[in-house]
Amino acid sequence: MADVVLKDIRKQFGATEIIRGVDLTVDEGEFAVFVGPSGCGKSTLLRMISGLEDVSSGELHIGGRRMNDVQAAKRGVGMVFQSYALYPHLNVRDNMGFGLKVRKVPVDERDRRVREAAATLKLDALLDRYPRQLSGGQRQRVAIGRAIVGSPDVFLFDEPLSNLDAELRVHMRSEIAALHNRLKTTMIYVTHDQIEAMTLADKIVVLRDGLVEQIGSPRDLYEKPNNVFVAQFIGSPRMNLLPAAEAKLISPTHALPASAVSVGVRPEHLRVVEPTTDSLSATVTLNEYTGAVTLMHVELPGGQTCLVVDDKRDMPPIGTRIGLTADKDNLHFFDADGRAVS
Amino acid sequence: MTRRQIDIIYRTCWTLALLIVAIPFVFPFLWMVSAGFKSTTEIFGTPSLLPRVWRYENFIEVFTYQPFARQYFNSLYIAIAVTVLTLIISSLAGYALARMRFAGAGLLMLFLVSALMVPEEVTIIPNFFLIRSLGLIDTHWPLILLPTFGPHGVMATFLMRQYFLALPRELEDAGRMDGLSRIGIWWRIALPMSRPALAAVAIITFLFSWNLFLEPLIFLSSLEMFTLPLALSNFNDSYGLPLWNLQLAATTLAVLPILIVYLIAQRQITESFALSGVKG
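Model, not experiment: these values are computed from the prediction.

Is there a simple way to think about the pairing of strand 2 (residues 16-26) of chain A in this case?
A regular strand carries its side chains on alternate faces of the sheet. Residues and elements named next belong to chain A. When strand 1 (residues 4-13) meets strand 2, the two strands line up antiparallel, connected through eight bridges. Residue pairing in the sheet places Phe13 in a bridge with Thr16 of strand 2. In textbook terms, the turn of a hairpin is the stretch between consecutive antiparallel strands, and for strand 1 and strand 2 this stretch comprises two residues, one of which, Gly14, has a positive phi near 65°.

Sorry if this is basic, but what is going on with the interface of chain A and chain B here?
Where the parts come together, the accessible area they lose is often given as the size of the interface. Contacts between the two partners involve 23 residues from chain A and, on the opposite side, 14 residues from chain B. With both sides pooled, the region where chain A packs onto chain B buries about 1700 Å², and carbon together with sulfur makes up 60% of that total. Counting every contact that joins chain A to chain B gives nine residue pairs in polar contact (both at pLDDT 80 or more). Taken together, the elements giving at least two residues each to the side of chain A that touches chain B come down to helix 1 (42-50), strand 6 (77-80) and helix 2 (92-102) of chain A.

How do you make sense of helix 6 (residues 120-133) of chain B when you look at a structure like this?
Within an α-helix, residues lying three or four positions from one another point in the same direction, as the helix has 3.6 residues per turn. All names here are of chain B. Between its terminal C-alpha atoms helix 6 stretches 19 Å, which fits the 20 Å expected from 14 residues at 1.5 Å a residue. Helix geometry: helix 6 is bent most strongly at Pro126, by close to 35°. Elements that come into contact with the buried residues of helix 6 comprise helix 7 (141-149) and helix 12 (214-219). Trailing helix 6 by a residue or two, Gly135 shows a phi angle of about 75°, which is positive.

Explain the sheet that holds strand 10 (residues 211-216) of chain A to me, please; I cannot follow it from the model alone.
Residue and element names in this part refer to chain A. In space, the six strands of this open sheet follow the order 6-7-8-3-9-10, with mixed pairing throughout. Of all the strands in the sheet, the pair left with one neighbour each is strand 6 and strand 10. The mean inter-strand angle of the sheet, taken between neighbouring strand axes irrespective of direction, is 15°. Its contacts with the sheet place helix 5 (residues 166-183) against strand 3 (31-35), strand 7 (154-158) and strand 8 (186-191), and it is angled at close to 160° to strand 8.

Just checking my understanding: could you explain the domain arrangement of chain A for this structure?
All names here are of chain A. Domain boundaries in chain A define domain 1 (4-232) and domain 2 (241-341). Distance from the C-alpha centre of domain 1 to the C-alpha centre of domain 2: 38 Å. Across the boundary between the two partners, domain 1 contributes nine residues, which contact nine residues of domain 2. With both sides pooled, the region where domain 1 packs onto domain 2 buries about 720 Å², and carbon together with sulfur makes up 54% of that total. Among the residues of domain 1 in contact with domain 2, Tyr222, Val228 and Ala231 are the three that bury the most area, contributing 60% of the side total. Linking domain 1 to domain 2 there are zero salt bridges.

Thresholds, definitions, all that
- Residues numbered from 1 in each chain as written.
- Chains lettered and ligands numbered in written order.
- Predicted model: local features only at pLDDT ≥ 70, side-chain atom pairs only at ≥ 80, totals over all residues.
- Heavy atoms only, no water.
- Pairing = 2+ DSSP bridges.
- Helix = DSSP H or I, 4+ residues; strand = E, 2+ residues; numbered from the N terminus.
- Contact = heavy atoms within 4.5 Å.
- Buried area = accessible area lost by both parts, 1.4 Å probe.
- Polar contact = N/O pair within 3.5 Å; in protein donor to acceptor, adjacent residues only side chain to side chain.
- Expected span 1.5 Å × (residues − 1).
- Bend = angle between axes of the 7 residues up to and from the residue.
- Axes fitted to C-alpha atoms, helices over the stretch in contact; angles between N-to-C directions.
- Domains from an automatic or database assignment.
- Salt bridge = Lys/Arg side-chain N within 4 Å of Asp/Glu carboxyl O.

What follows is the structure, given as structure tokens:
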């Protein structure tokens, strides 16, 4: 186990700066998730930690040791790739033991470690198969196994579940969580799926355009987003953003902060009530029944659209005028620059 | 009529059609083998597919007329040397051009590919002067070096480069994470994954070297140093007219390695033709 510390890390490709000064500490045994939209630099950051990309400037420390110029294989990190990156000409056993073979680990020791990792990941019966003979989930487990046998101090996962179907993704997600609980190793995980981020992470790092927008626990990010971007990126469906003046109608008891120009309220925090002068008036435009909840699309008098999530089965029909309210604790205010204000 | 019967009729018709189409390709080969067992008189007599008198001694005479065994060996070892060298150099160069970022890589590739546009006959005279100045006339060195580093080598490099371009980069990243150097990635990941391309290059190169005629004609003068294509053109009588029966018996022997290679590597050959389409 080791901690990972990034100090003003930057990455340039020619004149383009992809990572624009990231400061971050991932503690020993922590599960950190880098999340952000496509092109935000999360995979580049992970590759810099792994050693697959050079650090243009800044300091990278793993386990207290400066790693800027250390080769990827000597950083004590194991990486799981998005496309699994299994060697197609080697069977599962040889794929898992390949790194140890390169490092000239004795055959007995190599076999023992491969068998142990295979047992952990329930791959015992598949050791003699080739990658082409495995399902997507099995390939992903082999890719994880390949990282495990190296006994790394830090595991790096680069969108490992994005090639799997929805059902398998949920299953593998729980397996990765269980693996972290069992190994207690530091793990850094990159995803664009905020559900994966919320369910797996001890700490989420939200990135945008090569900068960290916010670092915190899933709960911190959900309940106390620093800015509009994080507020709308974390949480599904995304947070509704309305003019600040509407706050009085949503929650009449709430005092409006002086610098607030917009108010955010999550769809699941809006309640449907009879339309009164003390509630936000809206007209239902669409109901989407998903089983557990219904997503109700409404239009406000100003023309903005808004989403409401409700667990009632019978929602008001399309065209019905309704009122919307929310608890004041569930309102988020933002200033003209999109920063959160209290 | 049942579905099975229709299927049988359909297959039979197809087989017959393919057999008819195959005749123009197979007949000259069968005629060559047959003529190798005939006397010269019978070859030019009434046409027949099978010899009336089987002259097995033609195949012995081939070896006594000139040092054919030595010439056979020359062709074989030169073709193997050219194939091995071309595989090593084209896979290394192809990998570098496909995967390594260095200044002028694109320009270098363009420069190399432009060499393919120069007919080999145009370069034969400068090559002759070069080889002569190196003191390598009447040796096998030009027959090994010119195909390896000449236009054929460039074509092989281009073919390998195209194949390496398609290899997933994440596999190389995985190799680096496992502790492989650049040369280690080439040897332990890129090459094992490129077997179809290597097989294509090997087969094309072997055939190229095996069939090479112009270069041996220019650079070789001793019978002992001749390769098979040159030797085949040397079965002549005292008037310089071809001894057809010996020539065809020798040709039959000359195609044996190609037949063996084909029988062993039918699948790779099919893939090689598919792959060599990349160069077009």
